[in-house]
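Observations on the model geometry
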Amino acid sequence: MDTDTLPTELLNVVDVEATCWDGQPPPGAVSEIIEIGLTVVDLAAGRRLGRHRILVRPARSRVSPFCTELTGLTQEEVDGGVPFADACRLLAAEHGAGVRPWASWGDYDRNQFTRQCAAAGVRYPFGRVHTNAKAVFTQTYGLRKRPGMARALSVAGLPLEGRHHRGEDDAWNIAALVLDVARRGGWPSG
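From a predicted model like this one, the values you see are computed outputs, not experimental measurements.

1. Remarks on the overall build of the chain
Within the chain one finds 7 helices and 5 strands. Moving toward the C terminus, one meets the helices and strands of the chain in the order β-β-β-α-α-α-β-α-β-α-α-α. Radius of gyration (C-alpha) of the chain: 16 Å, near the 16 Å computed for a compact globule of 190 residues. C-alpha atoms of the chain, sized along the principal axes, occupy 45 × 40 × 25 Å. When burial is assessed residue by residue, the chain has 46% of its 190 residues classed as buried.

2. Quick look at the packing of helix α6 (residues 149-156) against helix α7 (residues 167-183)
The N-to-C vectors of α6 and α7 enclose an angle of 40°; their axes lie 10 Å apart at closest approach. By the angle between their axes, α6 is oblique relative to α7. When the axes of α6 and α7 are compared, the crossing they make is left-handed. Contact residues: α6 offers M149, A152, L153 and A156, while α7 offers D170, N173, I174, L177 and D180.

3. Remarks on the side chain of T19
Checked against the element boundaries, T19 lands in the loop between β1 (10-18) and β2 (33-42). If near-sequence neighbours (up to four positions away) are discounted, T19 is found in contact with V30, S31, E32, I34, P58, S61, R62, V63 and C67.

4. Some words on α7
For α7, spanning 17 residues, the distance from its first C-alpha to its last is 24 Å, which sits close to the expected 24 Å at 1.5 Å a residue. Of the residues trailing α7, G185 is marked for its positive phi of about 80°.

5. Considering the pattern of salt bridges
Within this structure, the stated rule accounts for 8 salt bridges. Here R51 and E168 are joined by a salt bridge, their closest N and O atoms 3.8 Å apart. Of this pair, R51 sits in strand β3 (residues 47-55) while E168 sits in helix α7, and the two are 117 residues apart along the sequence. For R51, a relative accessible area of 31% corresponds to the partly exposed category. One salt bridge connects D169 with R51, and the closest N-O pair in it is separated by 2.4 Å. With D169 in helix α7 and R51 in strand β3, this pair connects stretches of sequence that are 118 residues apart. Judged by relative accessible area, which is 11%, D169 ranks as buried.

Cut-offs used in this document
- Residues numbered from 1 in each chain as written.
- Predicted model: local features only at pLDDT ≥ 70, side-chain atom pairs only at ≥ 80, totals over all residues.
- Heavy atoms only, no water.
- Helix = DSSP H or I, 4+ residues; strand = E, 2+ residues; numbered from the N terminus.
- Rg over C-alpha atoms; globule rule 2.2 N^0.38 Å.
- Buried < 20%, exposed > 50% of the residue type's maximum accessible area, 1.4 Å probe, protein only.
- Axes fitted to C-alpha atoms, helices over the stretch in contact; angles between N-to-C directions.
- Parallel < 35°, antiparallel > 145°, perpendicular 65-115°, else oblique.
- Left-handed = near helix turned anticlockwise from the far one by under 90°.
- Contact = heavy atoms within 4.5 Å.
- Expected span 1.5 Å × (residues − 1).
- Salt bridge = Lys/Arg side-chain N within 4 Å of Asp/Glu carboxyl O.

As structure tokens, this is what we get:
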């Protein structure tokens, strides 16, 4: 399928949470995705269509107390998730990740997927069209510094819905910022 001819009205907004520590990771542990939040945005209609969450069972690390405090996710909860390779397959099969353009707040999410796919020998689930929503927001609002998501919501006069640092909620909130930028004419076209 030629991705250059696909309609770009639908956009996947993705936010991941990963294992993290207050300081250095324990010996042998690496930061791994434990939650993938995804909101489908219809840019043409100017609305959020779907809110999705994939819990991912880490293979080389555990959820620390610091990580639980930050995200609300526990080891027991992510133990019920799917392996990373299955999560990537779900993104492609159920959310058109390989063909639909996608956005995240900054480059962390894209880089984390790139690193983890390479380390696990898993096919990268996304297509080549990625937009750094933080950079576009910063430019649209004429800001000197790139704000975090919560600060950007405040700048845009939008509420923070749900829990900050929860992938599903952050993707939903980032999607609201994408739509705000699109209404202002700042979102890049296909």
